[in-house]
Amino acid sequence: MPSPFKYIVVLDFEATCENGTKIAKQEIIEFPSVIVEVETCKIVDTFREYVKPVHNPRLSAFCTELTGIQQAWVDEAQTFSVVMENHRQWLIKNQLLLPSGERSPVNTFTFLTCGDWDLNQMLPVQYKFLAGSDGKWPSYFCEWINIKKSFEQHYKVPARGPRS
């Protein structure tokens, strides 16, 4: 069965965290994406930027150990708003979005995540804490493929990982 998408954008946020407890105002600290052409399974382009946390600027030792992200990297990074715009420009450069921010009618794509956390939980939380934000994020982030669900449906076994 042919794919309805020409491209898959694999996305996997990392966020501030603490061992055994949910921290108030959890923030995205890494914003990586990889564009894969579905037909050839070839990587088209990559995007990776660290994000400077505003509400919890000091990473916990647990967070650094879990993610491998160093304090200096986020200290030198741009804020989420800037990184989000850089990501949007990257999608435009790769002709997945039109300059208006609408999806390209020719280069169809969807995001692929490992679970629903990235786009169903973390992105809405991040937008909630943005100063001046109405709490709404771009519509192109409202659809995605959860690879865990696809795995479970295909193999008829639970998808488990270190963060399940």
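What counts as what
- Residues numbered from 1 in each chain as written.
- Predicted model: local features only at pLDDT ≥ 70, side-chain atom pairs only at ≥ 80, totals over all residues.
- Heavy atoms only, no water.
- Phe/Tyr/Trp six-rings, centres within 6.5 Å; stacked < 30°, edge-to-face > 60°.
- Helix = DSSP H or I, 4+ residues; strand = E, 2+ residues; numbered from the N terminus.
- Buried < 20%, exposed > 50% of the residue type's maximum accessible area, 1.4 Å probe, protein only.
- Core = buried A, V, L, I, M, F, W, Y, C linked by side-chain atoms within 4.5 Å.
- Contact = heavy atoms within 4.5 Å.
- Salt bridge = Lys/Arg side-chain N within 4 Å of Asp/Glu carboxyl O.
- Pairing = 2+ DSSP bridges.

Colleague: How would you explain the packing of aromatic side chains if you had to name every residue and give the values?
Modeller: Enumeration over the complete set of coordinates arrives at 11 aromatic pairs. Judged by centre distance (5.5 Å) and plane angle (45 degrees), the rings of Phe47 and Trp90 are tilted. Of the two residues, Phe47 is situated in strand E4 (residues 42-50) and Trp90 in helix H3 (residues 80-93); the sequence distance between them amounts to 43 residues. You'll find Phe47 and Trp90 in the same group, each marked buried.

Colleague: Could you give an account of the nonpolar core, naming the residues involved and the relevant values?
Modeller: Most often, soluble globular proteins have nonpolar side chains that are buried together. Core analysis: the biggest nonpolar cluster contains 27 residues, and Phe31, Phe80, Phe111, Leu123 and Phe141 have the highest contact counts within it. Those elements that provide at least two residues to this core are strand E1 (7-11), strand E3 (28-37), H3, strand E5 (109-113) and helix H4 (117-128). Element by element, the count of residues in this core is highest for H3, at 6 residues. Apart from residues no more than four positions distant in its own chain, Phe31 is found in contact with Leu11, Phe13, Phe47, Arg48, Glu49, Val51, Phe80, Val83, Met84, His87 and Phe141. Grouped together as the second largest cluster of nonpolar side chains are 8 residues, Ile29, Leu59, Ile69 and Val74 included.

Colleague: Break down the pattern of salt bridges for me, citing the residues and quoting the values.
Modeller: Two side chains with opposite charge may pair up if their charged atoms get near one another. As enumerated under the stated definition, the model contains 4 salt bridges in all. Here Glu30 and Arg48 are joined by a salt bridge, their closest N and O atoms 2.7 Å apart. Taken together, the residues span a long stretch of sequence, with Glu30 in strand E3 and Arg48 in strand E4 at a distance of 18 residues. A salt bridge links Lys149 to Asp116, with the nearest nitrogen and oxygen atoms 3.2 Å apart.

Colleague: Could you give an account of the environment of Cys114, naming the residues involved and the relevant values?
Modeller: Tracing the chain through its elements places Cys114 in the loop between E5 and H4. Measuring from C-alpha to C-alpha, the distance between Cys114 and Ser150 comes to 9.9 Å, with 36 residues separating the pair along the chain.

Colleague: So what's going on with the pairing of E3? Residues and values would help.
Modeller: With 8 of its 10 residues buried, E3 lies for the most part within the structure. As paired strands, E1 and E3 are joined by 5 bridges and run antiparallel to one another. Pairing of Val10 across the sheet is with Val34, part of E3. Two elements, strand E2 (residues 14-15) and E3, share 2 bridges in a ladder whose sense is antiparallel. From the neighbouring strand, Glu14 faces E3, where its bridge partner is Glu30. Relative to E4, E3 runs antiparallel, the two being bridged by 8 bridges. Within E4, the position partnered with Glu30 by the bridge is Tyr50. Hairpin connection of E3 to E4: 4 residues between the antiparallel strands, including Cys41 at a positive phi of 60 degrees.

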